[in-house]
Amino acid sequence: MNAIDYQKAHKEQFLSELIELLKIPSVSADPKFKAEVRRAASYLTEKFKEAGVDHVELCETPGYPVVYAEKIIDPDLPTVLVYGHYDVQPADPYELWDSPPFEPVIKDERIYARGACDDKGQMYMHIKAFESMMKTNSLPCNAKFMIEGEEEVGSDNLEGFIKANKEKLTADVILISDTSILSNEHPSITVGLRGLSYLQVEVTGPNRDLHSGTYGGAVANPINVLTRLLADVLDEDGRITIPGFYDDVEELSSELRSKMAEAPFDLDTYKSDLDIEEVKGEKGYNTRERTGIRPTFDINGIWGGYTGEGAKTVLPSKAYAKISSRLVPNQSSEKITALIKEHLEQKAPKSVKVEVLPHHGGTPAVTSTETDGYRAASQAFEKVWGKQPIPTREGGSIPIVALFKEELGIDTILMGFGLDMDAIHSPNESYGLFNFYKGIETISAFYEFFTQRSQNNN
């Protein structure tokens, strides 16, 4: 029996195990789920043992542990290091889910649950691909795994772990499945990711909530001030007005933009899927470019005053907002965070106090299509999907890609299998069973082709 036959024979088992993992509410952002996050880590250690690793351990950090596992069959062979994460986004608002987010449901050949795609479903493919190769004696090279529990809250402790374990993490390539493909008809490999600057803004007016009739019109309303401050950050052309924001932005050539435009994209389908009549964004760029090669400024949440049932005529003491900027190559998260903080605090009128609190950030990353890793991934897609994958740039952020290159000197291959319809970070997140099984098969093929290429070049 080869690895593919093993995968076909055990597909129901693979799915059953994933369902059990998805039942664990490993929400790293909410302290009330602390025990559940650790339970997810423990579950993975057991599955790694069953899959056939030589060694697996829970590596403690100041936050949640990193699950590290390895199988070294020959030190002279190349080594693949797999990165993924077992924590998930909060499932709120629960009432918008068609089924409970931690009670997985299979419907129309898709599995619905928080973390189904991001990243439990995609991460678990790697464990099952490894198991398939181990059980059929077809693992062609060494394999290491580093699965963390804090990706959804900024991976604050991962850098320290990497710096302290450089020898343990020695490898020839890093493989990540936490991205998407264009479609099942047009597979793709992500070669660019945007960076991130995430902050919280707090606006304080009077020293207590006030009666809006007695004080309205005479005392500044923090919510009014906050919304005006944030609205003024974007002009009518979708440009960010913060001085210096675009100083380091990479401007792509017309040739490269034309190449990117060859990727299939249907704007009408895009709008229909989102139930919107028109798209919006920076003037002079199309929708794909706006989400792949241009920076952004977005309000992720805003609150203050009275939001309960009925009416309460209050002039609030405080107002809050969470904001994020997606960054492109050459932009620094630290620099952009400082620019946003300075801009909002200086623009605030004297009638309020504004405090901007940096949360977390990440560096943009662009990977080469000329490496053994990329070419092996391309071959794997061609073998399993029957089509050559298209290189694409995604709008999301995986900050550790730049960190891996800086600290370990290793190239990362972003070989994800998600789709836009998976609704990651949203209610009713899902993952296609086709993609889950096809991903396992493609990952196995990557090991085969990467080993061949590495040995041929040595």
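Here the structure is shown first, and the text comes after it.
Participant: In this structure, what is going on with the overall build of the protein chain? I would like to understand it.
Facilitator: Broken down by element type, the protein chain carries 14 helices and 18 strands. Relative to the 2.2 N^0.38 estimate, which gives 23 Å for 458 residues, the radius of gyration of the protein chain is 23 Å and therefore close to what a compact globule would have. Projecting the C-alpha coordinates of the protein chain onto the three principal axes gives extents of approximately 80 × 50 × 45 Å. For the protein chain, the proportion of its 458 residues judged to be buried stands at 54%. Long-range pairs, those at least 24 residues apart, make up 79% of the contacts in the protein chain with a sequence separation of at least 6. If you sum the accessible surface of the protein chain, you get close to 20,900 Å²; carbon and sulfur atoms cover 47% of it. Computed over 48 positive and 72 negative side-chain charges, the separation of the two mean positions in the protein chain equals 2 Å.

Participant: Can you help me understand helix α11 (residues 333-347) in this one?
Facilitator: For an α-helix the count is 3.6 residues per turn, leaving residues at separations of three or four pointing the same way. If you check α11, its first and last C-alpha atoms are 21 Å apart, about what 15 residues at 1.5 Å a residue would give, namely 21 Å. When α11 is considered as a whole, its buried residues turn out to be Ser333, Ile336, Thr337, Leu339, Ile340, His343 and Leu344. Seen along its axis, α11 keeps its buried residues to an arc of 160 degrees; they face one direction. Opposite the packed face of α11, turned more than 90 degrees from it, sit the exposed residues Glu334 and Gln346. For α11, the elements touching its buried residues are β9 (195-204), α7 (222-231), β13 (318-327) and β14 (353-362).

Participant: I'm lost on the sheet that holds strand β11 (residues 298-304) in this one. Help?
Facilitator: Two strands in a sheet stick together by hydrogen bonds in their backbones, pointing the same way (parallel) or opposite ways (antiparallel). Read from one edge of the open sheet, 4 strands run β11-β13-β9-β14, paired in antiparallel fashion. Each edge of the open sheet carries a strand with a single partner, namely β11 and β14. Along the sheet, successive strands turn relative to each other by an average axial angle of 15 degrees, direction set aside. Here β9 pairs with β13 via 10 bridges, running antiparallel. Looking at β13, one finds that Leu196 is bridged to Arg326. Lying on the sheet, α7 is in contact with β9, β11, β13 and β14; it crosses β13 at an angle near 15 degrees. Strand contacts of α11: β9, β13 and β14, with the helix running at about 165 degrees to β14, the strand carrying the most contacts.

Participant: Explain the sheet that holds strand β18 (residues 430-432) here, please?
Facilitator: Read from one edge of the open sheet, 3 strands run β4-β5-β18, paired in antiparallel fashion. Each having just a single partner strand, β4 (105-107) and β18 make up the two edges of the open sheet. Adjacent strand axes in the sheet meet at a mean angle of 25 degrees when their direction is disregarded. Pairing of strand β5 (residues 110-112) with β18 involves 3 bridges; the strand directions are antiparallel. Following the sheet pairing, Tyr112 is matched in β18 by Ser430. Each of β4, β5 and β18 touches helix α14 (residues 433-456); the most contacted strand, β18, lies at about 60 degrees to it.

Calculation rules
- Residues numbered from 1 in each chain as written.
- Predicted model: local features only at pLDDT ≥ 70, side-chain atom pairs only at ≥ 80, totals over all residues.
- Heavy atoms only, no water.
- Helix = DSSP H or I, 4+ residues; strand = E, 2+ residues; numbered from the N terminus.
- Rg over C-alpha atoms; globule rule 2.2 N^0.38 Å.
- Buried < 20%, exposed > 50% of the residue type's maximum accessible area, 1.4 Å probe, protein only.
- Contact = heavy atoms within 4.5 Å.
- Areas by Shrake-Rupley, 256 points an atom, 1.4 Å probe, with all protein chains shown as cover.
- Lys, Arg positive; Asp, Glu negative; His and termini not counted.
- Charge placed at Lys NZ, Arg CZ, Asp CG, Glu CD.
- Expected span 1.5 Å × (residues − 1).
- Arc of directions from axis to C-beta.
- Pairing = 2+ DSSP bridges.
- Axes fitted to C-alpha atoms, helices over the stretch in contact; angles between N-to-C directions.

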